[in-house]
Amino acid sequence: MRRFLLLYATQQGQAKAIAEEICEQAVVHGFSADLHCISESSKYDLKTETAPLVVVVSTTGTGDPPDTARKFVKEIQNQTLPVDFFAHLRYGLLGLGDSEYTYFCNGGKIIDKRLQELGARHFYDTGHADDCVGLELVVEPWIAGLWPALREHFRSSRGQEEISGTAPVASPASSRTDLVKSELLHIESQVELLRFDDSGRKDSEVLKQNAVNSNQSNVLIEDFESSLTRSVPPLSQASLNVPALPPEYLQVHLQESLGQEESQASVTSADPIFQVPISKAVQLTTNDAIKTTLLVELDISKTDFSYQPGDAFSVICPNSDSEVQSLLQRLQLEDKREHYVLLKIKTDTKKKGAALPQHIPARCSLQFIFTWCLEIRAIPKKAFLRALVDYTSDSAEKRRLQELCSKQGAADYSRFVRDACACLLDLLLAFPSCQPPLSLLLEHLPKLQPRPYSCASSSLFHPGKLHFVFNVVEFLSTAPTEVLRKGVCTGWLALLVASVLQPNTYASHEDSRKAVAPKISISPRTANYFHLPNDPSIPIIMVGPGTGIAPFIGFLQHREKLQEQHPDGNFGAVWLFFGCRHKDRDYLFRKELRHFLKHGILTHLKVSFSRDAPVGEEEATAKYVQDNIQLHGQEVVRILLHENGCIYVCGDAKNMAKDVHDALVEIISKEIGVEKLEAMKTLATLKEDKRYLQDIWS
């Protein structure tokens, strides 16, 4: 069997799941894949590898390779490596990213570029999958095209051996691409997709018949609107291509517990975990603000947790109690919620390299696992939907689940599952005849991820304390019915601090009430570059609308203490561009910013209010932070290009960060008289020099 090396670099499990899918499909196509995490460097050696290499790489942060790839990237970035170090290597790479971020798929691009610089060559064109619109739109055809590309690679390698070196090592990219394109149409209906024959068509007929006979009405199916549970022609009458059934691999046994106590310490984490009390919580917005913003203070004085302004940390949070109970009730497992879950690998599994999920600790109760270990809000992948099909008894429901995971139903999947933020509980309530076993859920539900937050304080200003700021997230889930949900972590935190919450009086440092301080578990995040310059004379520009201001409060507190300690020191200019909706409702840290401005810590404060009626000429033209940046373009460009300054952007990636980036391109183009492409290159250089830094989220 023809062998290839398959590596994945994952942050939250997406790249690993895709690599496992490739590994399973490989056998069907006559290949054998050696599957490894890219961090497992003892299990492979690219310096001596003769087989083709396939790499699946996710992106984390604002464009970094995942943590699991950090060591690998550091090794290949070694500038002493010769340019032909990987000249023997032929590879294909699939990058995963989110186009809401400026540096889309950058984790994969970094590795791709460096492999090329070291002499490696593609046997298959790189794919860039976008989580913003659905990874599967690129992932599925990329995997489908991988097999003919591998076949062509092995064919040309054999030809080269026979001709004894007169043929090129790999076929030219153009002929490879032509071959892949010519075979794509042929294989899309055969390769990784199984065509449903008569049984699928029977289900389709049943669905149409059910719809026509619904409530004894004579309404034609065309008169229905499609929904999560119902399709309309042409999809309802189509022959479907659905993914192959993922092999099951877990065997679950539930054992009555003896009443042992469980704790959050059972939650798996690569980083050290600190349990710390909440010493204060303040509502920063008025009650009539559109979003509720809270500041939480943690007491870290009795730990060795340390941080500097600009750092981030993770909060380990649970799922909602009510959602966990509803899920256990729907699964008919409510009476077993205190039972221990014992896991084993099925002896007859067809899953290659099957392993117990590392995020499910041993000897923990069902309730604990669903509360602290599994992302029950995760949007189910198509492979999960495909697995649910086989545990659904009603033919109409079975058919609809087939449609949602099929190639033909991609638009419906995006609309009714992905965009509607449907989770497993939503699906189980919408499809009552679906009765999946617990083992299937433990195989498919991903790890409940800790939630990252920016530090909003300086330890010089608040010794032994750590502040962070967040909006209490609320959103409408529309599947199967409209439900108002709160963010997993922010909703939990808001409930947790309710007993100690102070009104909008951040300046009051002590609370007269003495409530029991709730505790939360936190862990440090890996070091980043979002820090103040080592040289305080370097001017800085900070852009942080809404809660994006959080790290900059830490910056300003730090600067205040430094200036107190060094009254004769040389401190550069400090600009802050802040924005919010209403001056009197959600102007965060208003009093503190006035203080910093009055004492010269902050030299320029530019604030925009997007929902207030403008007052004065500047407010009339500056609705958002990017508008204010353009108004002060001359000063911004001078600081960045002539005074060696730094710019920091924190907040929403989807709109704000892109708009700020575009505004910077505009002002650089205008002020120094260059084309926009040249201005973009200038910004790219600033980023490489760590002078254009982002801490953004979607």
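Residues numbered from 1 in each chain as written. Predicted model: local features only at pLDDT ≥ 70, side-chain atom pairs only at ≥ 80, totals over all residues. Heavy atoms only, no water.

Trainee: What exactly am I supposed to notice about the overall build of the protein chain here?
Mentor: Helix and strand content of the protein chain: 21 helices and 25 strands. Pairs at least 24 residues apart make up 78% of the contacts formed inside the protein chain by residues separated by at least 6 positions. Here the protein chain displays about 32,100 Å² of accessible surface, and carbon together with sulfur accounts for 50% of that area. (Helix = DSSP H or I, 4+ residues; strand = E, 2+ residues; numbered from the N terminus. Contact = heavy atoms within 4.5 Å. Areas by Shrake-Rupley, 256 points an atom, 1.4 Å probe, with all protein chains shown as cover.)

Trainee: What is the right way to read the sheet that holds strand β9 (residues 250-255) from this model?
Mentor: Backbone hydrogen bonds hold the strands of a sheet together, and the pairing may be parallel or antiparallel. In space, the three strands of this open sheet follow the order β9-β13-β14, with antiparallel pairing throughout. Strands at the two margins of the open sheet, each flanked by one partner only, are β9 and β14 (364-365). Bridge count between β9 and strand β13 (residues 340-345): six bridges; the pairing is antiparallel. What sits directly across from L254, in β13, is V341. (Pairing = 2+ DSSP bridges.)

Trainee: Would you take a moment to explain the packing of helix α7 (residues 321-330) against helix α8 (residues 366-373) for this structure?
Mentor: Between two packed helices, what matters for the description is the angle formed by their axes and the separation of those axes. Look at α7 against α8: their axes get within 10 Å of each other, and the N-to-C directions meet at 130°. Judged on the interaxial angle alone, α8 and α7 are oblique. Of the two possible hands of crossing, α7 and α8 adopt the one that is right-handed. Residue-level contacts link V324, Q325, L327 and L328 of α7 to L366, Q367, F370 and T371 of α8. A breakdown of the residues in the contact of α7 with α8 according to their chemical character gives five nonpolar, three polar and no charged. (Axes fitted to C-alpha atoms, helices over the stretch in contact; angles between N-to-C directions. Parallel < 35°, antiparallel > 145°, perpendicular 65-115°, else oblique. Left-handed = near helix turned anticlockwise from the far one by under 90°. Nonpolar A, V, L, I, M, F, W, Y, C, P; charged D, E, K, R; others polar.)

Trainee: Help me understand the sheet that holds strand β24 (residues 646-652), please; the structure alone is not making it clear to me.
Mentor: Reading across the sheet, the five strands line up as β23-β22-β21-β24-β25 and stay open at both edges, with parallel pairing between neighbours. For this open sheet the edge positions go to β23 (604-609) and β25 (692-697), each flanked by a neighbour on one side alone. Between one strand axis and the next, the sheet turns by 10° as a mean value, whatever way the strands run. Relative to β24, strand β21 (residues 540-543) runs parallel, the two sharing four bridges. What sits directly across from M542, in β24, is Y648. Contacts from helix α20 (residues 653-672) reach β21, β24 and β25, with the element oriented near 150° to β24.

Trainee: It is not clear to me how the pairing of strand β2 (residues 31-37) should be interpreted in this structure. Could you clarify?
Mentor: Side-chain positions along a regular strand alternate between the two faces of the sheet. For β2, a buried count of five out of seven residues is recorded, marking the element as mostly surrounded by other parts of the structure. With seven bridges joining them, strand β1 (residues 2-9) and β2 adopt parallel strand pairing. Opposite L6, over in β2, you have L35 as the bridge partner. In this fold, the crossover linking β1 to β2 by way of helix α1 (residues 14-28) has right-handed handedness. (Buried < 20%, exposed > 50% of the residue type's maximum accessible area, 1.4 Å probe, protein only. Right-handed = clockwise from strand over helix to strand, strands pointing away.)

Trainee: Would you mind showing me how to read the nonpolar core here?
Mentor: Grouped together as the largest cluster of nonpolar side chains are 80 residues, with contacts concentrated most on L298, F313, F370, F468, I520 and I522. Counting residues in hydrophobic clusters, the runner-up holds 34 residues, among them I553, C580, F589 and V607. (Core = buried A, V, L, I, M, F, W, Y, C linked by side-chain atoms within 4.5 Å.)

Trainee: Is there a simple way to explain the packing of aromatic side chains in this structure?
Mentor: The way to describe two aromatic rings as a pair is by their centre distance and the angle between their planes. In this structure the tally under the stated criterion is 22 aromatic pairs. Through a chain of ring-to-ring contacts, the aromatic side chains of F274, F305, F313, Y453, F468 and F470 assemble into a single cluster. When the ring centre of F461 is taken as reference, the NZ or CZ atom of K561 above it lies at 5.6 Å. Directly above the aromatic system of Y529 lies the positively charged group of K690, at a separation of 4.5 Å from the ring centroid. (Phe/Tyr/Trp six-rings, centres within 6.5 Å; stacked < 30°, edge-to-face > 60°. Lys NZ or Arg CZ within 6 Å of the ring centre and 35° of its normal.)

Trainee: Can you help me understand the confidence of the model for the protein chain in this one?
Mentor: Segments scoring low in pLDDT should not have their predicted coordinates read at a detailed level. When pLDDT is averaged across the protein chain, the result is 87; 86% of the residues are at 70 or more. Taken as a whole, residues 163-223 scores under 50 in pLDDT and shows 90 contacts with residues more than four places along the chain or in a different chain. Taken together, the stretch residues 506-513 has pLDDT below 50 and engages in 21 contacts with residues farther than four places along the chain or on a different chain. (pLDDT = per-residue confidence, 0-100.)

Trainee: Explain the side chain of R559 to me, please; I cannot follow it from the model alone.
Mentor: Within the secondary structure, R559 sits in helix α15 (residues 550-565). Buried and without a salt bridge, R559 has D535 as its closest oppositely charged side chain, separated by 7.2 Å. Apart from the residues within four sequence positions on either side, R559 is in contact with L532, P536, I538, F571, G572, V574 and I601. (Lys, Arg positive; Asp, Glu negative; His and termini not counted. Salt bridge = Lys/Arg side-chain N within 4 Å of Asp/Glu carboxyl O.)

Trainee: What's the story with helix α11 (residues 410-418) in this structure? I'm lost.
Mentor: One turn of the α-helix equals 3.6 residues, which is why residues spaced by three or four share an orientation. Counting buried positions over the nine residues of α11 gives seven, a clear majority of the element. Within the sequence span of α11, burial applies to A410, D412, Y413, S414, F416, V417 and R418.

Trainee: Help me understand unusual backbone geometry in this model?
Mentor: The general pattern is negative phi for most residues beyond glycine and trans for most peptide bonds. For the bond from P233 to P234, the omega torsion is 5°, close enough to zero to count as cis. Within the element layout of this structure, P234 appears in the loop between α6 (198-213) and β8 (241-243). You will see that R363, though not glycine, has its phi angle at about 50°, which is positive. The topology assignment puts R363 in the loop between β13 and β14. One non-glycine residue with positive phi stands out, namely K690, at about 60°.

Trainee: Sorry if this is basic, but what is going on with the environment of G107 here?
Mentor: Secondary-structure assignment places G107 in helix α3 (residues 106-117). Residue classification places G107 among the buried residues on the basis of a relative accessible area of 0%. Linking G107 and D64, residues 43 residues apart in sequence, is a C-alpha distance of 5.0 Å. Setting aside residues no more than four positions away along its own chain, G107 makes contact with V57, S58, T59, G63, D64 and P65.

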